[in-house]
Amino acid sequence: MEFETHEDAYLFYKDYAKSVGFGTAKLSSRRSRASKEFIDAKFSCIRYGSKQQSDDAINPRASPKIGCKASMHVKRRPDGKWYVYSFVKEHNHELLPEQAHYFRSHRNTELVKSTDTRLRRKKNSPLTDCKHLSAYNDLDFIDGYMRNQHDKGRRLVLDTGDAEILLEFLMRMQEENPKFFFAVDFSEDHLLRNVFWVDAKGIEDYKSFSDVVSFETTYFVSKYKVPIVLFVGVNHHVQPVLLGCGLLADDTVYTYVWLMQSWLVAMGGQKPRVMLTDQNNAIKAAIAAVLPETRHCYCLWHVLDRLPRNLDYWSMWQDTFMKKLFKCIYRSWSEEEFDRRWLKLIDKFHLRDVQWMRSLYEERKFWAPTFMRGITFAGLSTRCRSESVNSLFDRYVHAETSLKEFLEGYGLMLEDRYEEEAKADFDAWHEAPELKSPSPFEKQMLLVYSHEIFRKFQLEVLGAAACHLTKESEEGTTYSVKDFDDNQKYLVDWDEFKSDIYCSCRSFEYKGYLCRHAIVVLQMSGVFTIPINYVLQRWTNAARNRHQISGNLELVQSNIRRFNDLCRRAIILGEEGSLSQESYDIAMFAMKEAFKQCAVKIATIEHPARCEEAAIQAGHPVQEENQYGSTSNQIGPEPNNNIHAGNVPWQAETRREKRSSLSNTSKKAKHVAQSETVGEGSLEGFQHVAAPRQSQAVLAGQFHNTMPGVFQNLIHTEFQNIPTTNMHQNNPPG
């Protein structure tokens, strides 16, 4: 084999490496002393050689080198041609052809290849064969005063042709993935009023990251051309996850109640622990009605952003006022201290008569950090928008972005988010971050936290060296910590008996991991491990694990090691098993057997008294279905009949429980179908069987003319003049 240049040889080696599944590097090259031209070059696997780094390096970098010998050595002949002098094929590590595009040497590929990769990933995604989600729950709890005469004329403001574009978008998305959820709200005059949708990945993400959700209304309130609102979460890599989108006609309680209820139905009724929103009375009332158990908070940057708009003569005393305000907000140790400083602040600047300041004080438990003990915002509540993960969506939405442009960019937005998460997962499986100190806290969390969170936590561990601790009193458990980095003093309360620690900087509440001030108190108290209740599962590499982490962190570290190892091996199994139908059948059979055996073992460990029952269930399993339609008793593809999205073998119900579930769900669906709101699909709880009972027949009839049928009549009328159906009547539920 010959090459014109050594660069051609390297390109050949790169293409080979990408097809096999490893990254490449230019190891060395040599020039002729006489002609100064290249005469020798060696290319290698990115894991070639061993790490060489000084032990006292200030900022050591992570290294992928593990002693791999794979390489290609080329030399130049006198005639100018290059030939392969030596070639080492064997690697001492796993190869990942499906993930090769994440290696740095393969990232700068042409757009066509990138697009093909995205399409291939989308086709192979485990979400692409999921079932429908649902239409609606009843909204009768909305009081009549919300449906006033003004509602009659309200409609979603769309440009000419936008309704047809919206229709095509929703239909295309659901055709591509049946688990895509959408809902539409019509006025009493049958005008399109509100629309909501969420993709399958968003629904799956919510199962793992439902602890805190940000309801982003910036684009809607700022009168952008597209009246879009977003439900945003954050994953374990500190990346934003899109949990739903809405197009709204107005800013009323009814609209927000409808939207929250639609979103809750899409998420299977699972309510978030914390909901962050703008300061808005209509949103406040809607959350109180739909999510009464959720802690509703105002995003801090929303509150601070309103200051200039609500205070006269702002520019005259901005710096002085902000200094006092920040002292009140961020430096108040107790609620009493906050109240005292707030009253002093408004007296000093003569703000007692300002209605907005009064409302801020009345709602202080919604936004003031002093009142946030016991919850966490996972970085979603920040001082300014630029620090928030929500701001990452600004690149896709601008003031003049049309609905067509937004919908065209929606797919790209999702792909970008999935690409970033997949790369972060790949990095987490491939290499561990570097330790930068001998601290036991750093070593403890090395394999527990995701890379991004570990780096942030690592800064806190290193920053503890710049902190000086003194005890406030001999009898108490409160410490004063002087931080020389920002020249501030912080109070830390440590209850060793309860393993409860609280710092006035409130890092754990706002970021989700302990600060340097808490770390130095633990260290000086002789505690050299982070208490398990301060290790949030949402920040760990086991964030998507269905089991809650508990016990000591050594067990957690072992679990994560096993999890990462299984993920790597699953990728290899997927590659081998997909090569033919026969290998696919073998892989599926092996996985099903492993699932059953794991289910029995887990049941034995968690519920010893039910060992016998678990063994019986393992011997006579309820038919289960994988993403390709195969049941646990058959390998070939079959229709999707028995299992709803999200089920796993060990969560299967008994036949009696399934019959009861079907009956209850059907009654609920009948109740839903008579509401005024229209949706498409089937709720996770809706299960289709070959011979439906009477209640299921009613269900099928009620949904016969729902979203698809309605929309088909709208292409030329743009969602107007829709014929009245039973779905729009206000009859009481039967």
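Up top is the structure.
Residues numbered from 1 in each chain as written. Predicted model: local features only at pLDDT ≥ 70, side-chain atom pairs only at ≥ 80, totals over all residues. Heavy atoms only, no water.

Visitor: Can you walk me through the overall build of the protein chain in this structure?
Guide: The number of helices and strands found in the protein chain is 23 helices and 17 strands. Looking at the protein chain as a whole, 48% of its 734 residues qualify as buried. Across the protein chain, every contact between residues at least 6 apart in sequence was considered, and the portion connecting residues at least 24 apart equals 65%. With an accessible surface of roughly 36,600 Å², the protein chain has 51% of that area assigned to carbon and sulfur atoms. (Helix = DSSP H or I, 4+ residues; strand = E, 2+ residues; numbered from the N terminus. Buried < 20%, exposed > 50% of the residue type's maximum accessible area, 1.4 Å probe, protein only. Contact = heavy atoms within 4.5 Å. Areas by Shrake-Rupley, 256 points an atom, 1.4 Å probe, with all protein chains shown as cover.)

Visitor: I'm lost on the packing of helix H6 (residues 253-266) against helix H7 (residues 281-290) in this one. Help?
Guide: Two quantities define a packed helix pair, namely the angle between the helix axes and the distance between the axes. Two numbers describe how H6 lies on H7: the axes approach to 8 Å, and their chain directions differ by 40°. Here H7 runs oblique to H6, going by the angle between their axes. Like other packed secondary-structure pairs, H6 and H7 cross with a definite hand, here right-handed. On H7, the residues that touch Val253, Tyr256, Val257, Met260, Gln261 and Leu264 of H6 are Ala282, Ile283, Ala285, Ala286, Ile287 and Val290. Residue classes in the contact of H6 with H7 are distributed as eleven nonpolar, one polar and no charged. (Axes fitted to C-alpha atoms, helices over the stretch in contact; angles between N-to-C directions. Parallel < 35°, antiparallel > 145°, perpendicular 65-115°, else oblique. Left-handed = near helix turned anticlockwise from the far one by under 90°. Nonpolar A, V, L, I, M, F, W, Y, C, P; charged D, E, K, R; others polar.)

Visitor: I'm lost on a positive patch on the surface in this one. Help?
Guide: A surface patch of positive charge is lined by Lys323, Lys324, Lys327, Arg340, Lys344 and Lys348. When residues of the positive patch are traced back to their parent elements, those giving at least two are helix H10 (318-330) and helix H11 (335-348). Examined against the element boundaries, lysine 344 turns out to sit in helix H11. We classify lysine 344 as exposed; its relative accessible area is 64%. (Patch = residues over 30% accessible without salt bridge, like charges linked within 9 Å, V, L, I, M, F, W, Y side chains within 5 Å. Salt bridge = Lys/Arg side-chain N within 4 Å of Asp/Glu carboxyl O. Lys, Arg positive; Asp, Glu negative; His and termini not counted. Charge placed at Lys NZ, Arg CZ, Asp CG, Glu CD.)

Visitor: When you look at empty space enclosed by the protein in this model, what are you seeing that I'm missing?
Guide: In this approach a probe as big as a water molecule rolls over the atoms, and the regions it shows empty are the leftover space. Evaluated as defined, the whole model comprises one cavity of 30 Å³ or more. Here the largest cavity is characterised by a volume of approximately 80 Å³. Lining of the largest cavity is provided by Asp199, Lys201, Gly202, Asp205, Gln239, Pro240, Val241, Leu242, Leu414, Arg417, Tyr418 and Glu421. For the lining of the largest cavity, the secondary-structure elements that each account for two or more residues are helix H4 (200-208), strand E10 (240-247) and helix H13 (403-430). Element by element, the count of residues in the lining of the largest cavity is highest for H13, at four residues. Of the residues contributing to the lining of the largest cavity, the split by class is five nonpolar, two polar and five charged. (1 Å grid on protein atoms, 1.4 Å probe; cavity = no way out; pocket = protein on both sides within 12 Å on 5 of 7 lines; lining within 4 Å. Points joined across faces, edges and corners; volume = space filled by probe spheres on them.)

Visitor: Please explain the pairing of strand E12 (residues 295-298) as it appears in this structure.
Guide: In this structure, strand E11 (residues 274-277) lies alongside E12, joined through four bridges in parallel fashion. Within the sheet, the bridge partner assigned to methionine 275 lies in E12 and is histidine 296. Between the parallel pair E11 and E12, the chain is carried across by H7, and the sense of this crossover is right-handed. (Pairing = 2+ DSSP bridges. Right-handed = clockwise from strand over helix to strand, strands pointing away.)

Visitor: Hey, could you run me through the sheet that holds strand E3 (residues 38-45) in this one?
Guide: The strands that make up a sheet pair up through hydrogen bonds in the backbone, lying either parallel or antiparallel. Read across the sheet, five strands follow the order E1-E5-E4-E3-E2 without closing on themselves; strand pairing throughout is antiparallel. A single partner strand is all that each edge strand has here, and the edge strands are strand E1 (2-3) and strand E2 (24-31).

Visitor: What's the story with the nonpolar core in this structure? I'm lost.
Guide: Soluble, globular proteins show a tendency: their nonpolar side chains are buried together. Counting residues in each nonpolar core, the largest one holds 48 residues, and the members touching the most others are Tyr449, Ile501 and Ile530. Those elements that place two or more of their residues in this core are E11, helix H14 (440-445), helix H15 (451-463), strand E14 (478-483), strand E15 (488-495), strand E16 (500-503), helix H16 (507-511) and helix H17 (516-524). Ignoring sequence-local partners within four residues, the contact set of isoleucine 501 consists of Val492, Asp493, Trp494, Leu514, Ala518, Val521, Leu522 and Tyr534. The next biggest cluster of nonpolar side chains, apart from the first, holds 32 residues, and it includes Ala183, Ile203, Tyr206 and Trp263. (Core = buried A, V, L, I, M, F, W, Y, C linked by side-chain atoms within 4.5 Å.)

Visitor: Please clarify how the packing of aromatic side chains should be interpreted in this entry.
Guide: How two aromatic rings sit relative to each other is given by the distance of their centres and the angle of their planes. Applying the stated rule across the entire model yields 31 aromatic pairs. A centroid spacing of 6.3 Å and a plane angle of 90° characterise the contact between phenylalanine 169 and phenylalanine 180, whose relative ring orientation is edge-to-face. Within this pair, whereas phenylalanine 169 is found in helix H3 (residues 162-176), its partner phenylalanine 180 is found in the loop between H3 and strand E6 (181-186), the two being separated by eleven residues in sequence. This pair shows no difference in class: phenylalanine 169 is buried, exactly as phenylalanine 180 is. Seen from their ring centres, phenylalanine 231 and tryptophan 263 are 4.7 Å apart, and the 5° between their planes marks the pair as stacked. Taken together, the positions of phenylalanine 231 in strand E9 (residues 228-234) and tryptophan 263 in helix H6 put the pair 32 residues apart, joining distant regions of the chain. (Phe/Tyr/Trp six-rings, centres within 6.5 Å; stacked < 30°, edge-to-face > 60°.)

Visitor: For this particular structure, what's the right way to read a nonpolar patch on the surface?
Guide: A cluster of nonpolar side chains, Leu573, Met591 and Phe595, forms an exposed patch at the surface whose accessible area comes to about 230 Å². Its location among the elements puts leucine 573 in helix H18 (residues 553-577).

Visitor: When you look at the sheet that holds strand E13 (residues 467-471) in this model, what are you seeing that I'm missing?
Guide: The strand order E13-E14-E15-E16 describes an open sheet built from four strands, whose pairing is antiparallel. On the outer flanks of this sheet lie E13 and E16, each paired with one strand and no other. The average undirected angle you get between the axes of adjacent strands in this sheet is 25°. Bridge count between E14 and E15: six bridges; the pairing is antiparallel. The residue bridging valine 481 from the neighbouring strand is tyrosine 490, located in E15.

Visitor: What is the right way to look at the pattern of salt bridges in this model?
Guide: Pairing is possible between side chains that carry opposite charge, provided their charged atoms lie close to one another. Counted under the stated rule, the structure contains 25 salt bridges. Of the charged contacts in the structure, one is a salt bridge between arginine 193 and aspartate 185, with a shortest N-O distance of 2.9 Å. For the residue pair arginine 193 and aspartate 185, the accessibility class agrees, reading buried in each case. Between arginine 417 and glutamate 420 there is a salt bridge, with its nearest N and O atoms 2.8 Å apart. Of the two residues, arginine 417 and glutamate 420 both sit in helix H13, three residues apart, roughly one turn of that helix. On the basis of relative accessibility, which here comes to 6%, the residue arginine 417 falls in the buried class. By relative accessible area, glutamate 420 is classed as partly exposed at 32%.

Visitor: Just checking my understanding: could you explain H6 for this structure?
Guide: Counting along an α-helix, one turn takes 3.6 residues, and residues three or four places apart therefore face a common direction. Over its 14 residues, H6 extends 20 Å from the first C-alpha to the last, a length consistent with the 20 Å expected when each residue adds 1.5 Å. Counting buried positions along H6 yields 13 of 14 residues, so the element is predominantly enclosed. In the stretch just after H6, glycine 268 is the one whose phi turns positive, near 70°. (Expected span 1.5 Å × (residues − 1).)

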